[in-house]
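Here is how the chains run, residue by residue.
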Amino acid sequence: MELDDLLYKPHVELERQGPGSPEMTIKALSFLNDLDKISKVVDFGCGTGGQTMVLAQNLTGEITGVEIYPQFIDVFNDNAKKLNLQERVIGIVGSMDNISLPKDEFDLIWSEGAINYIGYEKALNYWNGFLKKNGYIAFTSPSWLTDERPAEVEKFWTHDGSCELETIGDRISIMLKAGYSFISAFTLPDNCWTDNYFIPRETATKRLLEKHSGNKAVEEYIENDKYEAELYSKYSRHYGYVFYIGKKI
């Protein structure tokens with residue numbers, strides 16, 4: 001088994017691959033008008049589809065989930081079948097920043113916990129091309145919640161260049177420049193991190209460690225996960241995931 005496959009294995013078992021909840025997904029949907037007219041949706045970075053299935057249960061249109069890891073898509077499509085949603089919900093393997101999808105065709109782009117992996121501004125500009133005029137975009141992104149920015153938090157989130165923290169105001173400004181009007185933003189509550197992500201992830205990684213005891217890469221991976229949870233517990237008032245909702249101009 002390749003190292004990446006091994007390390008992502010615990011996440012395949014999780015309902016969600018990042019902070020969130022069905023309640024917050026539904027809350028974000030509440031800011032969209034005429035939900036019955038949303039016929040085509042794409043969920044970028046869909047993971048195993050925890051939030052996608054909630055979307056499908058609250059919308060009547062077709063939903064395409066896009067995820068780079070085939071293991072996630074296998075579970076995604078199995079979940080759609082279990083819920084009898086396979087006729088209008090399908091997961092495909094692909095990259096969020098290089099995907100062959102119809103231009104100017106989607107009514108809604110969704111993405112929970114994934115946008116920063118390809119770059120916030122880059123994603124908003126690239127995804128804009130897939131939306132119809134007046135189509136919606138809704139996504140979560142890690143953001144500073146206070147003017148104080150603990151160095152320990154900034155170092156963790158930016159150490160490998162794969163993610164960055166910005167203020168909510170900065171996030172909104174970038175949205176506007178990328179060709180969207182701003183509708184709303186709200187912060188995910190603590191239970192979205194703890195109960196729905198950190199605790200299930202800890203259980204899954206413990207099983208991984210039991211199977212691969214002595215594997216240094218696995219041990220380092222799990223220690224990093226523990227540190228992330230400790231960091232959030234210590235500094236959660238300063239940063240968190242924020243749901244942003246906008247509309248293509």
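Here, the structure is the one placed above.
Structure report, in brief. Source: prediction; values computed, not measured.

1. A word on the overall build of the chain
- Within the chain one finds 9 helices and 8 strands.
- In terms of overall size, the chain behaves like a compact globule, its C-alpha atoms giving a radius of gyration of 18 Å where 249 residues would be expected to give roughly 18 Å.
- Along the three orthogonal principal directions, the C-alpha set of the chain runs to about 55 × 45 × 30 Å.
- The buried share among the 249 residues of the chain stands at 49%.
- Total accessible area on the chain stands at roughly 11,800 Å², and carbon and sulfur atoms take up 49% of it.
- When the 26 positive and 38 negative side-chain charges of the chain are each reduced to one mean point, those points stand 3 Å apart.

2. What about helix H7 (residues 168-177)?
- For H7, the complete set of buried residues consists of Arg 171, Ile 172 and Met 175. Projected onto a plane normal to the axis of H7, the buried residues spread over an arc of 95 degrees and lie on a single side.
- At its buried positions, H7 is contacted by helix H5 (120-128), strand S5 (131-144), strand S6 (166-167), strand S7 (180-187) and strand S8 (239-248).

3. Considerations on the packing of aromatic side chains
- Scanning all chains against the criterion turns up 20 aromatic pairs.
- Ring geometry for Trp 193 versus Tyr 241: centroids 5.2 Å apart, planes at 35 degrees, classification tilted. Here the residue Trp 193 occupies a position in helix H8 (residues 190-211), and Tyr 241 occupies one in strand S8, the gap between them amounting to 48 residues.
- Feature note: the residues Phe 156, Trp 157, Trp 193, Tyr 197, Phe 198, Tyr 227, Tyr 232, Tyr 239 and Tyr 241 constitute an aromatic cluster, connected by ring pairs.
- Above the ring of Phe 130, the side-chain terminus of Lys 103 is found at 4.3 Å from the ring centroid.
- Looking at Arg 171, its charged tip hangs above the ring of Tyr 120, at a distance of 4.5 Å from the centre.

4. Some remarks on the packing of H5 against H7
- H7 packs onto H5 with a crossing angle of 30 degrees between their chain directions and a minimal axis gap of 9 Å. Here H5 is positioned roughly parallel relative to H7, judged by the angle of their axes. In this structure, H5 crosses over H7, and the sense of that crossing is right-handed. Across from Tyr 120, Glu 121 and Leu 124 in H5, the residues of H7 making contact are Arg 171, Ile 172, Ile 174 and Met 175.
- Its residues placed into classes, the contact of H5 with H7 shows 5 nonpolar, no polar and 2 charged.

5. Description of the pattern of salt bridges
- In this structure the tally under the stated criterion is 14 salt bridges.
- A salt bridge links Glu 152 to Lys 234; the nearest nitrogen and oxygen atoms lie 3.6 Å apart. Taken together, the residues span a long stretch of sequence, with Glu 152 in helix H6 (residues 151-158) and Lys 234 in helix H9 (residues 216-235) at a distance of 82 residues.
- Measuring nitrogen to oxygen at the nearest pair gives 2.8 Å for the salt bridge that ties Arg 201 to Glu 228. One end of the pair, Arg 201, is in helix H8; the other, Glu 228, is in helix H9, with 27 residues separating them in the sequence. One exposure class covers both Arg 201 and Glu 228, and it is buried.
- Salt bridges linked by common partners bring Arg 201, Asp 225 and Glu 228 together as one network.

6. Concerning the environment of Thr 25
- Looking at the element boundaries, Thr 25 is found in helix H2 (residues 22-29).
- We classify Thr 25 as buried; its relative accessible area is 0%.
- Between the C-alpha atom of Thr 25 and that of Trp 110, which follows or precedes it by 85 residues, the distance is 9.8 Å.
- The contacts of Thr 25, once residues within four sequence positions are left out, are Arg 16, Gln 51, Val 54, Leu 55, Trp 110, Glu 112 and Phe 243.

7. Considering the nonpolar core
- Counting residues in hydrophobic clusters, the biggest one holds 42 residues, and the most contacted among them are Val 89, Leu 108, Trp 110, Val 153, Trp 157 and Tyr 239.
- Broken down by element, the residue count for this core peaks at 5 residues, all from H8.
- Once you skip the residues sitting within four places of it in the chain, Trp 110 turns out to touch Thr 25, Ala 28, Leu 29, Val 42, Asp 43, Phe 44, Gln 51, Leu 55, Ala 138 and Phe 243.
- By size, the runner-up hydrophobic cluster in this structure holds 25 residues, among which are Phe 106, Ile 109, Ile 115 and Ile 172.

8. A word on the pairing of strand S1 (residues 40-44)
- Of all the 5 residues making up S1, 4 are buried; the element is thus mostly covered by neighbouring parts of the structure.
- Bridging between S1 and strand S2 (residues 62-67) involves 5 bridges; their strand directions are parallel. Paired with Val 42 across the two strands is Thr 64, which belongs to S2.
- Between the parallel pair S1 and S2, the chain is carried across by helix H3 (residues 50-58), and the sense of this crossover is right-handed.
- Direction of pairing for S1 relative to strand S4 (residues 106-111): parallel, over a ladder of 3 bridges. Among the inter-strand pairings, Asp 43 is bridged to a residue of S4, identified as Trp 110.

What counts as what
Residues numbered from 1 in each chain as written. Predicted model: local features only at pLDDT ≥ 70, side-chain atom pairs only at ≥ 80, totals over all residues. Heavy atoms only, no water. Helix = DSSP H or I, 4+ residues; strand = E, 2+ residues; numbered from the N terminus. Rg over C-alpha atoms; globule rule 2.2 N^0.38 Å. Buried < 20%, exposed > 50% of the residue type's maximum accessible area, 1.4 Å probe, protein only. Areas by Shrake-Rupley, 256 points an atom, 1.4 Å probe, with all protein chains shown as cover. Lys, Arg positive; Asp, Glu negative; His and termini not counted. Charge placed at Lys NZ, Arg CZ, Asp CG, Glu CD. Arc of directions from axis to C-beta. Contact = heavy atoms within 4.5 Å. Phe/Tyr/Trp six-rings, centres within 6.5 Å; stacked < 30°, edge-to-face > 60°. Lys NZ or Arg CZ within 6 Å of the ring centre and 35° of its normal. Axes fitted to C-alpha atoms, helices over the stretch in contact; angles between N-to-C directions. Parallel < 35°, antiparallel > 145°, perpendicular 65-115°, else oblique. Left-handed = near helix turned anticlockwise from the far one by under 90°. Nonpolar A, V, L, I, M, F, W, Y, C, P; charged D, E, K, R; others polar. Salt bridge = Lys/Arg side-chain N within 4 Å of Asp/Glu carboxyl O. Core = buried A, V, L, I, M, F, W, Y, C linked by side-chain atoms within 4.5 Å. Pairing = 2+ DSSP bridges. Right-handed = clockwise from strand over helix to strand, strands pointing away.

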